[in-house]
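What follows is each chain in one-letter form.
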Amino acid sequence: MISSLQTGVSGLQQFQEDLEVIGNNIANVNTTGYKSASMQFADTFSQSFGNTGSGSTMQIGTGVDSASVQSDYTQGTFNPTGIKTNLGISGNGFFVVKDPASGVNFATRDGGFTVESGYLVSATGYRVQGYTGTAPFSSSSPIGDLQINDASAIAALNDTTTPAPTLADWSIDSKGQINAALSDGTTGVIGQVVLQNFTNPQALQKQGNNLFFYTTAAGPLSAPAAPMSAGMGLIKSGALESSNVDLAGQMAAMIVAQRAFEANAKIVTTSDEVLQTLVNLKR
């Protein structure tokens, strides 16, 4: 009877965690680039009681445990913003952003970037990484902090003009290339956003602020690549990827988890009533 109490308690604990996961999904229904998560359950160690006479062992389970919390990396819909620093990824890959203070790289699907001191940065001030200099770029091109107004790259586009031309306008295309238009009419590419992919994105560690940190369990870390190459998706400029949370599905899952929690609570109260009956046999 004590075992049934423990089994019921294990169910209460795990379905409480399931409700926490569902609640977090619902809370992030409007979070840019958010990927919904789901709780995966596993049964716990079973107790063996003799055998049935045919060689098989009788077993009774001792409850449930949380096996893992898995994220759903399916594509979210795109929300057009008209802001050219807002970027979305259609397909595989993550943006790579670097903390300028620590030099640590993070991955993100949140392309809500802005320009700060000439650099393309995330909402946390981390600098977007990409091929620097002028096109054409290759896998051997240097990767660094992308600058929208890179003086050296601008000067390299047209080094015959004196004084050096200035940046008049710019845009980012589906390949992540920063297309510049200079004051003297010269046009060219002065950088390109790169994307990073992972063999097992489920092993990435969430760091908050829509950032992921690489772990060895995510697979061998290959070099970042340009959009529309090496299996990477393309860039949607002037748009943001919405959360992929299915609100209707999450509400249904919440009802199921709530009923399962109530059922396990009933196991605890029923076991308590049976124990109370046994205690009262002495009276």
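Structural data are supplied above this passage.
Chemist: Looking at this model, I keep getting lost on the pairing of strand β13 (residues 167–172). Mind explaining?
Modeler: When β13 meets strand β14 (residues 177–182), the two strands line up antiparallel, connected through five bridges. Residue pairing in the sheet places Ser171 in a bridge with Asn179 of β14. Here β13 hands over to β14 after four residues, with Gly176 in that stretch at a positive phi of 80°.

Chemist: Help me understand the nonpolar core in this model?
Modeler: It is characteristic of soluble globular proteins that their nonpolar side chains tend to be buried jointly. Leu87, Phe95, Val97, Phe113, Val128 and Ile178 are the most contacted members of the largest nonpolar core, which totals 25 residues. When residues of this core are assigned to their parent elements, the largest contribution, three residues, is made by β14. Not counting residues up to four positions away in its chain, the partners in contact with Phe113 are Thr85, Asn86, Leu87, Phe95, Val97, Leu120, Val121, Ser122 and Val128. The next biggest cluster of nonpolar side chains, apart from the first, holds seven residues, and it includes Phe94, Ala107, Phe198 and Leu204.

Chemist: What exactly am I supposed to notice about the layout of surface pockets here?
Modeler: The rolling of a water-molecule-sized probe over the atoms marks out the regions of remaining empty space. One number sums up the size of the largest pocket: a volume of about 230 Å³. What lines the largest pocket is a set of 15 residues, and nearest its centre among them are Val96, Asn105, Phe106, Gln196 and Leu221. At the level of secondary structure, the elements contributing two or more residues to the lining of the largest pocket comprise β7 (94–98), β8 (105–108) and β18 (211–213). Take the lining of the largest pocket: its biggest share by element is three residues, from β8. A per-class count over the lining of the largest pocket returns 11 nonpolar, three polar and one charged.

What counts, and where the lines are drawn
- Residues numbered from 1 in each chain as written.
- Predicted model: local features only at pLDDT ≥ 70, side-chain atom pairs only at ≥ 80, totals over all residues.
- Heavy atoms only, no water.
- Pairing = 2+ DSSP bridges.
- Helix = DSSP H or I, 4+ residues; strand = E, 2+ residues; numbered from the N terminus.
- Core = buried A, V, L, I, M, F, W, Y, C linked by side-chain atoms within 4.5 Å.
- Buried < 20%, exposed > 50% of the residue type's maximum accessible area, 1.4 Å probe, protein only.
- Contact = heavy atoms within 4.5 Å.
- 1 Å grid on protein atoms, 1.4 Å probe; cavity = no way out; pocket = protein on both sides within 12 Å on 5 of 7 lines; lining within 4 Å.
- Points joined across faces, edges and corners; volume = space filled by probe spheres on them.
- Nonpolar A, V, L, I, M, F, W, Y, C, P; charged D, E, K, R; others polar.

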